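# Secondary and tertiary structure notes
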Amino acid sequence: MSDEKTVENLITITIDGKEYKAKEGEYILNAARANNVFIPAICYLTRCSPTLACRLCLVEADGKQVYACNAKVKEGLDIVTQTPNILEERRAIMEVYDVNHPLQCGVCDKSGECELQNYTLEMGVDAQHYMITDTKRETANWSSVLHYDAALCIVCERCTTVCKDMIGDAALTTVKRGGADLDKAYKDTMPKDAYAMWNKLQKSVIAPSNGTGHTNCSDCGECIAVCPVGALTSRDFVYSSNAWELKRIPAVSAHSSDGFQIYYEVKPTSIEDRSEKIYRVTNEWNYVSLDGSARFAYDFENRDAKKDKEAFKKALDAFKKAKTIRFNSVITNEEALMLQTLKEKMGIKLYNPEVRAFQKFLSFYAKASGRSLYSADTDTILKKSDFVISVGLALRNDSPGLKYAFNNVQKLNKGAGLYFHPVGDTLIPTFGKSVECFTHKAGLEEAALYLILDLFADKEKLPEEVRAYIDSFKRMTKKTVKEKVMKEVVEITVDEETGESKEVKKKVPEEIEKEIEVEQNGLVELLGKESDAFADTFDKMTSKKETFSLMVGEDFYYHPKAENLAKLVALIEKTCHMNVVIAPPKSNALGVALICDLDDKAEGYTIGYNENGDFRISALGDGDLDMPALNQQEGTLTNMSKRVVPTNAALEYGGYELNDVIRELIGAPKETVEWTVKLPVSKGFKAVEFDTLPNEYKNDGSENRGYLLDIVMAETPMPKVEKFNEAEVLEGEIAYRCNPGRQFSDFTDKAHEIFEPFALYASRAKAESLGEKVEVVFENGSIVLDVIADDKILGDIVKVPDFKSAQNVYELFGDSRYQNVTIRKV
Amino acid sequence: MGLEQFKNRNIGTQNYKMLDLEQVPTRNFDKFKQVVKRTFKGELFVGLWVTLRAMINALFRGEMHAVKYPFEKLPISPRYRAIHEMLRLLESGHYRCIGCGLCEKICIANCISMNTRYDENQRKEVSEYTINFGRCIFCGFCAEVCPELAIVHGSRYENASEQRASFSLFEDMLTPIDNLNLQQEYQGFGAVTPYADDHIKKTPLAY
C-alpha cells in the first residue's frame, strides 16, 4: 500500500569521478538529473519511454558508449559524460540540427527559451560543415488550438512521445517529408551517430496520425509544452508575445480535480490597456502533464470588478435573511471554510449538489474501510502500478489526470488495465494491448466490483457469504478442445550398413479432441464479455503484475446503491492488495467535501455562489455582487492526490471578496489566506501558514507542493456488502451526465480557447439517427440541445453535459448519473 | 641656468625699463581737456570698423556667419540621437520592423511598448508600437540592438508640440511612403561627421 514508504534500493554509481546514489533500475540520465549532473538531451521526456531521436545523451558507461536515456544504472557503474569522441559526436549532431534551420529567431515564439539555441551554444557550434538542399515545409493548423510550423521542427519526437505515452491520444506521428538524400561522402567523414540522426531527420516531419491533417485529439496542448523549438505553438499565442515579457505566476489548475501545478503567464493587455492579461499557461512538463482545461481555460477572470458599495450592502442583507447558500466546487479551501463558519454561526444551510454525493460516498467508504481517505493518488499510480482498473469513471472526460495515469501505466510499466463503463469508448482500448474494456449495462457497477473481487481478492480473507455469492455465478460447462499432445512412437529402423534393426523411440505431435470442464464466470458474461476468451486474456494480463490500482469515479456517487458500492470498494481495498483512488468530481470537490457539512436540500431564500439563487454572488461577472475568480485570488485547493496546494493571484481584482462579506457578518481576519492556518486539523489538514507552503517539483521529479492530508486509520471489521439486483439495470434510451473533454464548469465555458459547446454528445451512428437538435425529456423536466457526433463514443447512451449551472442539469438527473429519457427531435 | 637672477630681489640693481607715462592731470581744466580729447579722438570708429567690415563681408561678399534658424538649420552629426524613425525596406516599401521586441527588452527607460500578432501572410505583424518620449533618455540602445536597422534615431530634435503623443506612434515615426527615396540610412554610433575631411587639420608637431 502506498502509505508505507517503500524503501528504495539505492545503489552507488560514479559520474565523472564523483560518487552518487541512484535508484536501482533507473535510467542513467534520470539518475544524473536527480543528482544535479548535467547530461545534454533533447528528445527524452522524464515520464515517457526513451525515443532515441537526438542521441545527444551519449555517455561512456564502464568504457562503452551508451545512450544515457536508454541505459539503466547498476551498482558501481562508472559513467563518463564527456570524452573527445562524445564531444565530437555532440557537436556534429548540433551542427546537423542547425542545417537549414530558419534563422528568424527574432520572430520565433520560443524567443530565447529554445533548446536548439541553448545546445548550439553549449556545444560551441561556430561553423557549419554540412549542407543539403532544403525542402519547403508548410505551416499548418492541426486543430482549434494547435499550430505547427514544420520548418522549425527538429523532429525530436517529443510531441509524439508525450501524446502516446502520457496523454494516450497518440494523435501525432512522424511521416515522410521527401527531403533530399544525404551526400554519401558524409557517411565516411561524419561521426557515426550524427550521420544516423541526420539520415532520419532529413526524411521525416510530424503530422496528425490519422492522416487527415487534423488531430481530432483531446486538445490538451501538451505537445506545445514539450516542443523544444518554436514548431508547435498554440494558435492563440502565435506571435502575440515574447517569452521574456511574461511574468510567471505559479498556480493550480482550477477546473478538473487533478489540481495540476501550472504557471499563468501575464503581461499588460495592450498599449492602451495596461491592466494585465493572461497570455498562456505553461507547466513543468517533465513532471506534470496538463489537460486542455488547465492549459487553455485560463481567461475566466472577473474583469473590471469594482467595489460596489450598494451591491455589498444588498449582499449583506441577503446573507442575513438567507436560509441556504448554494455553491459548487470551484472555490478555495479558505472560502469553503468561510462558508462552513457561516453555517456554524448563522445556521445557513450549505447546498452543493456537485460535491454532496461525493462527500456521502467518502463517508460511506471511510466507515467501511476505517481509512479517512482513499490510499492512492495519480502519482503513485503513474510510478508504481502495473495493473489499473477503472470503474464508474468516464476516463476521458471526468479526470484527465487519471486517464494519463491509466495510459502511462500501459506504456511505461508494461501494464495492463480493465475499464468498466456503460458508454463504449474507442480511445481507451488503444492505450495498450492489455487493456480490456467492459461495456456493461448501466446499473451493473456492483457486478463490476464483484468481478474485481472474484479476480483479485485473496479468497482467504473474503467473508464467507461474499465468496459464496461470487461462486454462485460460476457454472461448469463441457467443452471440446483440440489439444496437441506429444505421443511416443516406437519405430524400428534398420541400419543400412550393418543390417541390424533398432528400436527408436520418437515423439510425434498429435492433435486429439478432448472434452474438458470449463468454468464459466457468469459475472463476466453479465458485464458483456465472453467468459472463456476473457479467462485466457486475463491470465496473460496478470502475469508478472505486482501492483494493482483501482480508480472509481462519479458514477458511483450518483448511484442509488452508492453505499453498497462504497463498501465494496472498501472490501476490495482490504482483500485485493489494491490501491484505490476515489476521483473527486471537479476542481476543489475534495476540499469542499472535507471542510463543509453539506445539506441535502436547499430551502428558503438562497444565495447562489457561482450558481443559481435568489441573490447571486458570482466570479463570472453576471451576479449581484462580484467575487474574484480562482485566477484572481490566493488560497489553497485540495487536489485528487490528497494534497493541499497553494495557488496565487495572477490578475488584479478590484471588487469585494467573500472574506469582506464574512468579516461584516461574523468577523474575519484581514486577508483570505489567514484562513489557511485554520483549516480543520481533524479532517487531515495541517495548521500551516499559507506563505510557508512550498510549490515546486524537484530535479528528481518528486513533488514538493503544499502538504499531504493526514489520513487517519482505524481497525474495522470487514464491511458487510449487499448483493446486487440484476433487475435494476437501465434499459431503453439512456442519458449520461458527462461533460465534453475540456469543459468542467461555467468558468471553462467562459474561456475563449475552449470551444466545446453545451450540446448532446453521442456516437456518430446515434447522432445521425437523432438529427440536429433534440429535446431530452427527463422525469422532472426537459432540455433542448444540439446534437454533436463524437467519434470516440460507442453505443447508444447519449451524454448530456452539466457545465452550465444555469441549465440546472444536476436537478434533471437527480441522484443518478444515468437516467431513462425520451429524446424527441425538435 | 642658475637661479641667481630670480633670487635677487634687490630692485635697485636690476635693469628695469620705465614706461613713458603721461603726467596725470592735476588741474580740473587739464582733466576736462583729457576727457574731451579721448571722447572725440575717433577710437570709437576703430572698434566699429570691425563690425562694419563683417557687415560688408556678410552682405556683399557672401560671408554670412549667422544661421537663419528656423529657416535654416545646420547639418547635425549622424551620431546625433533625436526622435526615432522607423525605416522601410527600399525594395518593397514594407516597414522593416519584424516585431522581435529586442528594442522593448533593451530599453533601459522602459519606454518602448509594442503589440504583435499573427497576420494573414503568416508573418509577425506589429499591430501597435509606441515610445513614451516623456521617459525616453535617447540612449540609442534600441537603434543599436535592432537586427533589421528598422528603428533608428532621426534628426528631428525639435520636440516641442502640443502633445508628445503626436510623434510617438509607429505611423508617426515611419518613413512616409512617398518620401521613401529620401530615406537616409542611420550611420550609427561610430559614424564620422559629414565633411569630416574638410575639418581635418594637421597635427601641430612643430613644437
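Every value quoted in this text rests on a predicted model; they were computed, and no experiment measured them.

What counts and how
Residues numbered from 1 in each chain as written. Chains lettered and ligands numbered in written order. Predicted model: local features only at pLDDT ≥ 70, side-chain atom pairs only at ≥ 80, totals over all residues. Helix = DSSP H or I, 4+ residues; strand = E, 2+ residues; numbered from the N terminus. Rg over C-alpha atoms; globule rule 2.2 N^0.38 Å. Buried ≥ 20, exposed ≤ 12 C-beta atoms within 10 Å, placed from the backbone. Contact = placed C-beta atoms within 7 Å. Pairing = 2+ DSSP bridges. Axes fitted to C-alpha atoms, helices over the stretch in contact; angles between N-to-C directions. Domains from an automatic or database assignment. Nonpolar A, V, L, I, M, F, W, Y, C, P; charged D, E, K, R; others polar. pLDDT = per-residue confidence, 0-100. Core = buried A, V, L, I, M, F, W, Y, C linked by C-beta atoms within 7 Å. Parallel < 35°, antiparallel > 145°, perpendicular 65-115°, else oblique. Left-handed = near helix turned anticlockwise from the far one by under 90°. Expected span 1.5 Å × (residues − 1).

## Quick look at the overall build of chain B
For chain B, the count of helices and strands is six helices and four strands. In terms of overall size, chain B is more extended than a compact globule, its C-alpha atoms giving a radius of gyration of 32 Å where 207 residues would be expected to give roughly 17 Å. Put simply, chain B has 207 residues, and 16% of those count as buried. Restricting to contacts in chain B with at least 6 residues of sequence separation, those with at least 24 account for 69%.

## Looking at the overall build of chain A
Counting secondary structure elements, chain A contains 25 helices and 39 strands. Computed over its C-alpha atoms, the radius of gyration of chain A comes to 30 Å, within 12% of the 28 Å expected for a compact globule of 826 residues. Dimensions of chain A, computed from C-alpha atoms along their principal axes, come out at roughly 115 × 75 × 60 Å. Put simply, chain A has 826 residues, and 51% of those count as buried. Within chain A, counting contacts between residues at least 6 apart in sequence, those at least 24 apart form 75% of the total.

## Things to note about the sheet that holds strand E12 (residues 261-268) of chain A
All names here are of chain A. In spatial order, the strands read E11-E12-E13; together these three strands make up an open sheet with antiparallel pairing. Whereas interior strands pair on both sides, the edge strands pair on one side only; in this sheet they are strand E11 (247-252) and strand E13 (276-282). Shown here is a sheet whose adjacent strand axes are inclined to one another by a mean of 35 degrees, direction ignored.

## Some remarks on the domain arrangement of chain A
All names here are of chain A. One can read the domain layout of chain A as domain 1 (1-82), domain 2 (309-361 + 588-708), domain 3 (362-582) and domain 4 (728-825). Across the boundary between the two partners, domain 3 contributes 19 residues, which contact 20 residues of domain 4. At the level of elements, helix H13 (395-398), strand E18 (424-425) and helix H19 (554-557) are the ones that each hand at least two residues to the side of domain 3 that touches domain 4. Residues of the side of domain 3 that touches domain 4, tallied by class, amount to eight nonpolar, six polar and five charged.

## Remarks on the confidence of the model for chain A
The pLDDT averaged across chain A works out to 91; a share of 98% of its residues lies at or above 70. Counted against residues more than four places away or in other chains, residues 1-6 of chain A, with its pLDDT under 50, gives eight contacts.

## Focus: the sheet that holds strand E15 (residues 349-351) of chain A
Strands in a sheet are paired, the pairing made by backbone hydrogen bonds, and the direction either parallel or antiparallel. Residue and element names in this part refer to chain A. The strand order E15-E14-E24-E25-E26 describes an open sheet built from five strands, whose pairing is parallel. Only two strands of the sheet have a single neighbouring strand rather than two, namely E15 and strand E26 (625-626). Note that strand E14 (residues 324-326) and E15 share three bridges and pair parallel. By the bridge assignment for E15, Ile-325 is matched with Leu-350.

## Some points on the nonpolar core
In terms of nonpolar packing, the biggest core is built from 245 residues, with Ala41(A), Cys57(A), Ala68(A) and Phe361(A) touching the most fellow members. Apart from residues no more than four positions distant in its own chain, Ala68(A) is found in contact with Tyr27(A), Ile28(A), Leu29(A), Ala32(A), Ile39(A), Ala41(A), Cys57(A) and Val59(A).

## Section: the packing of helix H10 (residues 333-346) of chain A against helix H22 (residues 658-666) of chain A
Residues and elements named next belong to chain A. Viewed as axis vectors pointing N to C, H10 and H22 meet at an angle of 20 degrees, and their least axial separation amounts to 10 Å. On the basis of the axis angle, H10 is roughly parallel to H22. Considering how the two elements wind past one another, H10 and H22 form a crossing that is left-handed. Note on element contacts: H22 touches H10 through Leu-658, Asn-659, Ile-662, Leu-665 and Ile-666, opposite Glu-335, Met-338, Thr-341, Leu-342, Lys-345 and Met-346. The residue makeup of the contact of H10 with H22, split by class, is seven nonpolar, two polar and two charged.

## Some thoughts on the environment of Leu785(A)
Tracing the backbone shows Leu785(A) in strand E35 (residues 781-789). Considering only alpha carbons, one finds Leu785(A) and Leu730(A), 55 residues apart in sequence, at a separation of 22 Å.

## Points about the domain arrangement of chain B
Partitioning chain B into structural domains gives domain 1 (28-60) and domain 2 (84-182). If you average the C-alpha positions of domain 1 of chain B and of domain 2 of chain B, the two centres end up 59 Å apart.

## Some points on helix H2 (residues 84-98) of chain A
Quick reminder: α-helices carry 3.6 residues per turn. Residues three or four places apart thus point the same way. All names here are of chain A. Taking 1.5 Å per residue as the helical rise, H2 with its 15 residues ought to reach 21 Å, and the 21 Å between its terminal C-alpha atoms agrees with that figure. Among all positions in H2, only Ile-86, Glu-89, Arg-90, Arg-91, Ala-92, Ile-93, Met-94, Glu-95, Val-96 and Tyr-97 are buried. Structurally, H2 contributes buried residues whose contacts are with strand E3 (58-61), helix H3 (115-122) and helix H6 (192-203). Of the residues flanking the end of H2, it is Asn-100, one or two places downstream, whose phi is positive at about 60 degrees.

## Topic: helix H18 (residues 531-542) of chain A
For H18(A), with 12 residues, the first-to-last C-alpha span of 16 Å sits near the 16 Å given by 1.5 Å per residue. Within two residues after H18(A), Lys544(A) carries a phi angle of roughly 60 degrees, on the positive side.

## Notes on the environment of Ser241(A)
All names here are of chain A. Tracing the backbone shows Ser-241 in the loop between strand E10 (232-234) and E11. The exposure class assigned to Ser-241 is buried, which follows from the 21 C-beta atoms found within 10 Å. C-alpha of Ser-241 to C-alpha of Ser-111: the two residues are 130 residues apart in sequence and 8.8 Å apart in space. With sequence-adjacent residues up to four places away left out, Ser-241 is seen in contact with Leu-246, Lys-267 and Tyr-279.

## Here's the deal with unusual backbone geometry
The omega angle of the peptide bond from Tyr69(B) to Pro70(B) is 5 degrees, so this bond is cis rather than trans. If you trace the backbone, Pro70(B) turns up in the loop between helix H3 (43-60) and strand E1 (84-86). One non-glycine residue, Val155(A), adopts positive backbone phi at about 50 degrees. Mapped onto the secondary structure, Val155(A) falls in the loop between strand E7 (146-149) and helix H4 (158-167). Overall, Val155(A) belongs to the buried group, with 23 C-beta atoms counted inside 10 Å. Despite not being glycine, His577(A) shows a phi value in the positive range, around 50 degrees. With respect to the helices and strands, His577(A) occurs in the loop between helix H20 (562-575) and strand E23 (578-582).

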